[in-house]
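Given next are the chains, with one letter for each unit.
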Amino acid sequence: MEVATSKQNLLGNILVRLLSFGLFVFLARFAYILTLTSKSCDSGGFCFFSSSTVGFIEPDTFSNTGNGDTSARDSPLRNYYSSVFEDLIADGYLSPESKSLCIETPTAQDVIALREIGVSDSIGIYRRSSSPLILSSRSIPLPFDDNTFDFEFSGTGGLDRSSKPADFASEITRTLKAGGFFVVHTVTKDVYSLDSLLDLFNSCRLIRSRRINGLDPSIPPLREIVLKKDHEILLHSDQKQHSNGNLVNKCSVPGYKRELIRNLEPLIIEEPLKPWITLKRNIQKIKYLPSMVDISFKRRYIYVDVGSRNYGSSIGSWFRKQYPKQNKTFEIYAIEADKSFHEEYRSKKKINLLPYAAWLRNETLFFEINREPSRRTNEEKGRGMGRIQAVQSSSNFLNNSDEIRGFDFANWLKNTVRERDFVVVKMDVEGTEFHLIPKLIESGGICLIDEMFLECHYNRWQRCCNGERSSKYQKSYEQCLDLFSSLREKGVLVHQWW
């Protein structure tokens, strides 16, 4: 019996050791492959792009030698770049004397192509160096002085995949000489994203934008964009300003934006008899801007909830769960004057609470919690909706008035966001929208908003009493409809909200 037991233990030990050795070999091989093929970038590095390579061919890995030779001298990728650069020379954007930089070039095939066609003063940059073709650069700023290069090229989708396209563009324009050319191959999917890309380069002039075939015919054509650095900062699209630096109060509305507005869900023309049902159903029909266009080429992504109430009211239940963000990280601002909600927001990470009332100017206001008459005896069931107004003595409201600070919302918006940011605003301010919207239009702040979700308050039919309208608001549904229509006519992508 003891002999049998010993044999079983011995076999068990051998089996465990074999399995352990096999697991060790597998993990070692996996770590080796991961080291060789890793395409991830440090969060603080210049490489700023994910491993996604949609629309581009990921170059094969070549073994560079000290003299710039490769193990595949007749590389199809290098031949492709040679053809691209020869066209640029023929068109006058590149010359043999151009001091040139190729950005994010893991295999240096574009650098080799430049040198082979006679542009000898060419260098590439990538996370890992490969002398003498590639310099290593993992951080901002790039290791070059201002105004160093005559020509810069990005042909591997670095700008498309960048998580910080504004920083990418800033370094290109810094290191490019005035009068120099930057050529980028991109898979911009629509005019909106192309316009956003151009806005990143506010000191460059668009020279040419055309479709070209990529290396692989099975991949959709790329867009080749040629930019020339100017001697001054230029203004693209809606970045028009007065001489005193203020935004023009009339938004520039290009044709593609008009087309986007025409493709939005139609406004509900006929006043709903049961708005609490109709308007909530409307969310299923909403055509969100990021579902229609590519929002990649923006500096920052910002969501402003004006009249946010509690966290679950819209930020937690709708924006974070349902709004299509295209994997972008949004800065969130919650603007809420009701003190009863402030403590909840202080415990929420990455939400900036502005505990004030959005208003026309900076001044002291009264904040009034009110309920319809039928709910006065049931106060404990829920907190009423708050609005800012002068304190009134009325039997229609249960008054709990607090003195609060109002702030100039339009001015705050203009000081917080920029034209190159992607800005989403949801506004539910209990009737104050009829004051705030005209101020946003007058000041030009409305031009900074890419997409707006607006709840318009009017004397709607009451749930409790058939045939009776609420006396809480004085505006009619027709006035709300006029507000939405005028905003869309002015080029604002606005949706009816509930």
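No experiment lies behind these values; they were computed from the predicted model shown.

It is worth spelling out the confidence of the model for the protein chain at this point. With 73% of its residues at a pLDDT of at least 70, the protein chain reaches an overall mean of 81. Counting contacts from residues 30-55, a segment whose pLDDT is below 50, to residues more than four positions away or on other chains yields 52 contacts.

As a further point, take the state of the cysteines. Here the structure, examined in full by the defined rule, presents two disulfides. Residue pairing for cysteine 251: its cysteine sulfur links by disulfide to cysteine 447, the two sulfurs lying 2.1 Å apart. The chirality of the disulfide connecting cysteine 251 with cysteine 447 is left-handed, given an S-S dihedral of about -95°. Here cysteine 251 is found in the loop between β7 (222-229) and α7 (255-262), whereas its partner cysteine 447 is found in the loop between α12 (433-443) and β16 (451-454), with 196 residues between them in sequence. We classify cysteine 447 as buried; its relative accessible area is 10%.

The parallel open sheet is built from six strands, whose spatial order is β10-β9-β8-β15-β16-β17. Both outer strands of the open sheet, β10 (351-354) and β17 (494-496), are each paired with one neighbouring strand and no more. Mean inter-strand twist for the sheet, computed between neighbouring axes without regard to direction, equals 15°. One ladder, built from four bridges, connects strand β9 (residues 331-335) with β10; its direction is parallel. In the sheet register, tyrosine 333 faces β10, and the bridge partner there is asparagine 352. Packing of α12 onto the sheet brings it into contact with β15 (422-427) and β16, and relative to β15 it is tilted by some 155°.

As a further point, take the side chain of aspartate 408. Locating aspartate 408 in the fold gives a position in strand β14 (residues 400-408). Engagement of the side chain of aspartate 408 in a polar contact is seen with the backbone nitrogen of alanine 410, the distance being 3.3 Å. When neighbours within four sequence positions are excluded, aspartate 408 is seen to be in contact with Trp359, Leu360, Arg361, Asn362 and Lys439.

This next bit is on the sheet that holds strand β6 (residues 204-212). With mixed pairing, seven strands are arranged side by side in an open sheet as β3-β2-β1-β4-β5-β7-β6. Two strands lie at the open edges of the sheet, namely β3 (134-136) and β6, each paired on one side alone. On average, each strand axis in the sheet is inclined to that of its neighbour by 20°, with strand direction left out of account. Pairing of strand β5 (residues 176-186) with β7 involves six bridges; the strand directions are antiparallel. Bridged to phenylalanine 181 within β7 is lysine 228. Across the sheet, helix α5 (residues 165-175) touches β1 (100-103), β4 (149-154), β5, β6 and β7, and the angle it forms with β5 is around 145°. Its contacts with the sheet place helix α6 (residues 191-200) against β5, β6 and β7, and it is angled at close to 25° to β7.

Ranked by size, the top nonpolar core spans 50 residues in total, and within it Phe409, Met427, Leu440, Ile446, Met452 and Leu487 carry the most contacts. With six residues, helix α13 (residues 477-489) is the single largest residue contributor to this core. Residues within four places of phenylalanine 409 in sequence aside, it is in contact with Val304, Val306, Ile335, Ala358, Trp359, Met427 and Leu440. Within the second largest apolar cluster, 28 residues are counted, among which are Leu289, Tyr301, Ile351 and Phe453.

Using the criterion set out here, one finds 31 aromatic pairs in the structure. Taking the centre distance of 6.2 Å and the plane angle of 85° together, the rings of phenylalanine 85 and phenylalanine 151 count as edge-to-face. On the criterion of sequence distance, the pair formed by phenylalanine 85 in helix α2 (residues 76-90) and phenylalanine 151 in strand β4 is long-range, its members being 66 residues apart. When its relative accessible area of 0% is taken as the criterion, phenylalanine 85 is described as buried. Ring geometry for tyrosine 323 versus phenylalanine 453: centroids 6.1 Å apart, planes at 85°, classification edge-to-face. With a gap of 130 residues between them, tyrosine 323 in the loop between α9 (315-322) and β9 and phenylalanine 453 in strand β16 connect regions that are remote in the sequence. Note on accessibility: tyrosine 323 and phenylalanine 453 belong to one class, buried. Through pairs of rings, three or more aromatic residues link up here, namely Tyr288, Tyr301, Tyr303, Trp318, Phe319, Tyr323, Phe330, Phe422, Phe453 and Trp497. Between the NZ or CZ atom of lysine 325 and the centre of the ring of phenylalanine 319, over which it lies, the distance is 4.9 Å. Lying across the ring of phenylalanine 434, lysine 475 places its NZ or CZ 5.0 Å from the centre.

This brings us to α9. Residues Ile315, Gly316, Trp318 and Phe319 constitute the buried set of α9. Each element contacted by the buried residues of α9 is listed here: β8 (301-306), β9, α10 (342-346), β10, β15 and β16.

Our next topic: the packing of helix α11 (residues 409-416) against α12. Interaxial distance between α11 and α12 falls to 9 Å at its minimum, and their mutual angle equals 45°. Taken as axis vectors, α11 and α12 run oblique relative to one another. Like other packed secondary-structure pairs, α11 and α12 cross with a definite hand, here right-handed. Residues Phe409, Ala410, Leu413 and Lys414 of α11 lie in contact with α12, whose contacting residues are Lys439, Leu440 and Ser443. Taken together, the residues of the contact of α11 with α12 break down into four nonpolar, one polar and two charged.

Reading guide: rules and limits
- Residues numbered from 1 in each chain as written.
- Predicted model: local features only at pLDDT ≥ 70, side-chain atom pairs only at ≥ 80, totals over all residues.
- Heavy atoms only, no water.
- pLDDT = per-residue confidence, 0-100.
- Contact = heavy atoms within 4.5 Å.
- Disulfide = S-S within 2.5 Å.
- Helix = DSSP H or I, 4+ residues; strand = E, 2+ residues; numbered from the N terminus.
- Buried < 20%, exposed > 50% of the residue type's maximum accessible area, 1.4 Å probe, protein only.
- Pairing = 2+ DSSP bridges.
- Axes fitted to C-alpha atoms, helices over the stretch in contact; angles between N-to-C directions.
- Polar contact = N/O pair within 3.5 Å; in protein donor to acceptor, adjacent residues only side chain to side chain.
- Core = buried A, V, L, I, M, F, W, Y, C linked by side-chain atoms within 4.5 Å.
- Phe/Tyr/Trp six-rings, centres within 6.5 Å; stacked < 30°, edge-to-face > 60°.
- Lys NZ or Arg CZ within 6 Å of the ring centre and 35° of its normal.
- Parallel < 35°, antiparallel > 145°, perpendicular 65-115°, else oblique.
- Left-handed = near helix turned anticlockwise from the far one by under 90°.
- Nonpolar A, V, L, I, M, F, W, Y, C, P; charged D, E, K, R; others polar.

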